[in-house]
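Chain by chain, the residues run as shown.
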Amino acid sequence: MDPMDIVGKSKEDVSLPKSTMCKIIKEMLPPDVRVARDAQDLLVECCVEFINLLSSESNEVCNREDKKTIAPEHVVTALQDSPKGGKFSGVEMTEEEAVAEQQRMFAEARARMNNGLAKPAEAGPDGAVDS
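Each chain has its residues counted from 1, following the order in which its sequence is written. Residues qualify for local features only when their pLDDT is at least 70, as the model is predicted, and side-chain atom pairs are given and counted only at 80 or more; totals for whole chains, interfaces and linings, by contrast, use all residues. Excluded from the side-chain calculations are hydrogens and water; all other atoms, namely the structure's heavy atoms, are used.

### Things to note about helix α4 (residues 95–113)
Then, in step 1: Relative to the 27 Å expected for 19 residues at 1.5 Å per residue, α4 spans 26 Å between its end C-alpha atoms, a close match to the ideal helical length.
Then, in step 2: Only protein chains enter the accessibility calculation, which uses a 1.4 Å probe; a residue whose area is less than 20% of its type maximum is buried, one above 50% is exposed, and one in between is partly exposed. Where helices and strands are cited, they refer to DSSP runs of H or I of at least four residues and of E of at least two residues respectively, numbered from the N terminus. Along α4, the positions that sit buried rather than exposed are A100, A107, A109 and A111.
Then, in step 3: Looking at the buried side of α4, the elements it contacts are α2 (37–64). Expected helix span is computed as 1.5 Å times (number of residues minus one). Only heavy atoms enter the contact rule, under which two residues are in contact if any of them lie within 4.5 Å.

Here it is in structure tokens:
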């Protein structure tokens, strides 16, 4: 993704309110569980990324129907049957493929958390990710 792919703003300018997100995170966990600040920041970043992806998919559904406003039905449709291979449901992959994909995404998130200082790890031919 391009750093300016959110209309008029760089990705660094777009976020969710941290205090609200931290409150939601704490409410969802048992009272004796603590979450590190880095983990909270990563969860916020993942939520922003999910919203960006879902918004884009919903916009594609809306455009296919020649509408100008994204309606709740467009969001539901995007969640149920994404035209790009079901990003949100029904994706079949082997456990090894899932682990390799998860490791790749962890490496990308780690690189973003380190302000892009680390290059995302590439999966090797055996699916293993060097980090």
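There is more to say after this.
### Focus on the packing of α2 against helix α3 (residues 72–80)
Then, in step 1: Axis lines are fitted to C-alpha atoms, over the contacting stretch for helices. Their N-to-C directions set the angle, which ranges from 0 to 180 degrees. Taken N-terminus to C-terminus, the directions of α2 and α3 make an angle of 110°; their axes are 8 Å apart at the nearest point. Judged by the angle between their axes, α2 and α3 are roughly perpendicular. Contacts between α2 and α3 involve F50, L54, E57, S58, V61 and C62 from the first element and H74, V75, T77, A78 and L79 from the second.
Then, in step 2: Residues that form the contact of α2 with α3 fall into these classes: seven nonpolar, three polar and one charged. The scheme is simple: roughly parallel for angles under 35 degrees, roughly antiparallel for over 145, roughly perpendicular for 65 to 115, oblique for anything else. Classes in brief: Ala, Val, Leu, Ile, Met, Phe, Trp, Tyr, Cys and Pro nonpolar; Asp, Glu, Lys and Arg charged; the others, Gly included, polar.

### Structural notes on the confidence of the model for the protein chain
Then, in step 1: Per residue, pLDDT captures the predictor's confidence, and it can take any value from 0 to 100. Averaged over all residues, the pLDDT of the protein chain equals 77, while 69% of them reach at least 70.
Then, in step 2: Mean pLDDT values for the elements of the protein chain range from 84 in α4 up to 91 in α2.

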